[in-house]
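Residue-level structure breakdown
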Amino acid sequence: IEVLLSSCSSRDLMVGKILGLSALGIAQILIWVVIGAAMSLKFGSNIFLTGNLSLSLVFFILGYMLYAAIFVGAGSPVTSEQEAQQITSYVSLLLVSPIVLAFPVMQNPDSLFVKILTFIPLLTPAFMLLRIPIQMPETWEILTAVGLLVVSVVVCMWAAGKIFRVAILVYGKRPTLPELYRWIRTP
């Protein structure tokens, strides 16, 4: 790892790792989409709305990258497989929270409650993917949500790089949340 870090910064290494893993995961999902589209054409069913597909793809990719950055940042300081599984289970709870709130979104996608929750970056990808097919949000909502997601992805990648920079030098000790916060704040 020392040789690798001598040729690039820890932040660059983590951003590359996040982008590479995201590209791999998205490529795999796109292969599934192509197979699904081929099966759909073969059996004569229309399961895709092409008008909303590109916008849904933008939210999916940004959401995927956001959660990838969160998982990589959370996994950086762990040293054993058992710790990694424990951290993964906690972070996975973030993925479940939009599912818990999905019913109000499907019931009334234009309510003030749903609009407010849509601008919370952890909920934005799932909520927009639910809202777009039911009732298309206004243009300003879409642009604001995309902007918030892009900023959140960049901030999470930056934080993951900062955590990784210190975590590779610390062995045998599990950091606390205040220590992680200090690692992020160090210049």
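Residues numbered from 1 in each chain as written. Predicted model: local features only at pLDDT ≥ 70, side-chain atom pairs only at ≥ 80, totals over all residues. Heavy atoms only, no water.

**Some details on the pattern of salt bridges**
Inclusion rule: For this document, the term salt bridge refers to a Lys or Arg side-chain nitrogen within 4 Å of an Asp or Glu carboxyl oxygen. Only DSSP runs of H or I with at least four residues qualify as helices, and only runs of E with at least two residues qualify as strands; both kinds are numbered from the N terminus onward. The buried label goes to any residue with under 20% of its type's maximum accessible area, the exposed label to any with over 50%, and the partly exposed label to all in between, with areas taken from a 1.4 Å probe on protein chains only.
Under the defined criterion, the tally for this structure stands at four salt bridges. Of the charged contacts, one joins R131 and D110 as a salt bridge, the two residues approaching to 3.8 Å between their closest N and O atoms. Here D110 lies in the loop between α5 (102-107) and α6 (112-118) and R131 lies in helix α7 (residues 124-134), a separation of 21 residues in the sequence. Residue R131 is classed as buried on the basis of its relative accessible area of 0%.

**Focus: helix α2 (residues 10-43)**
Heads up, the condition is: Every helix has an expected span of 1.5 Å times one less than the residues it contains.
Relative to the 50 Å expected for 34 residues at 1.5 Å per residue, α2 spans 49 Å between its end C-alpha atoms, a close match to the ideal helical length. The set of residues buried in α2 consists of S10, L13, M14, I18, S22, G25, I26 and S40. Two residues or fewer after α2 comes G44, characterised by a positive phi angle close to 75 degrees.

**A closer look at the nonpolar core**
Condition: Put simply, buried Ala, Val, Leu, Ile, Met, Phe, Trp, Tyr and Cys residues joined by side-chain atoms within 4.5 Å make one nonpolar core. Contacts are residue-level and defined by heavy atoms, with any inter-residue pair within 4.5 Å sufficient.
Membership of the largest hydrophobic core comes to 25 residues, with the highest contact counts inside it found for I18, F59, M128 and M157. Take this core: its biggest share by element is eleven residues, from helix α3 (residues 50-75). Discounting residues that sit within four places of it in the chain, F59 has contacts with T124, P125, M128, L129, I132, I142, A145, V146 and L149.

**Regarding the side chain of T124**
If you trace the backbone, T124 turns up in helix α7. For T124, a relative accessible area of 0% translates into the label buried. Among all residues touching T124, those that are not within four sequence positions of it are F59, T118, F119, A145 and L149.

**Re the packing of α7 against helix α8 (residues 139-167)**
Under the convention used in this document: Angles run from 0 to 180 degrees between N-to-C directions of axes, and those axes are lines fitted to C-alpha atoms, restricted for helices to the stretch in contact. In what follows, roughly perpendicular refers to angles from 65 to 115 degrees, roughly parallel to angles under 35, roughly antiparallel to angles over 145, and oblique to any angle outside these ranges. Crossings are classed by handedness, with left-handed meaning an anticlockwise turn of the near helix from the far one by less than a right angle and right-handed meaning a clockwise turn. For this classification, Asp, Glu, Lys and Arg are treated as charged, while Ala, Val, Leu, Ile, Met, Phe, Trp, Tyr, Cys and Pro are nonpolar and the rest, including Gly, are polar.
Relative to each other, α7 and α8 sit at 155 degrees, their axes nearing to 11 Å. Considering their axes alone, α7 and α8 lie roughly antiparallel with respect to each other. Between α7 and α8 the crossing geometry is left-handed. In contact with T124, P125, M128 and R131 of α7, α8 contributes E141, I142, A145 and L149. Within the contact of α7 with α8, the residues separate by chemical class into five nonpolar, one polar and two charged.

Purely geometric stuff here, so don't read any function into it on its own.
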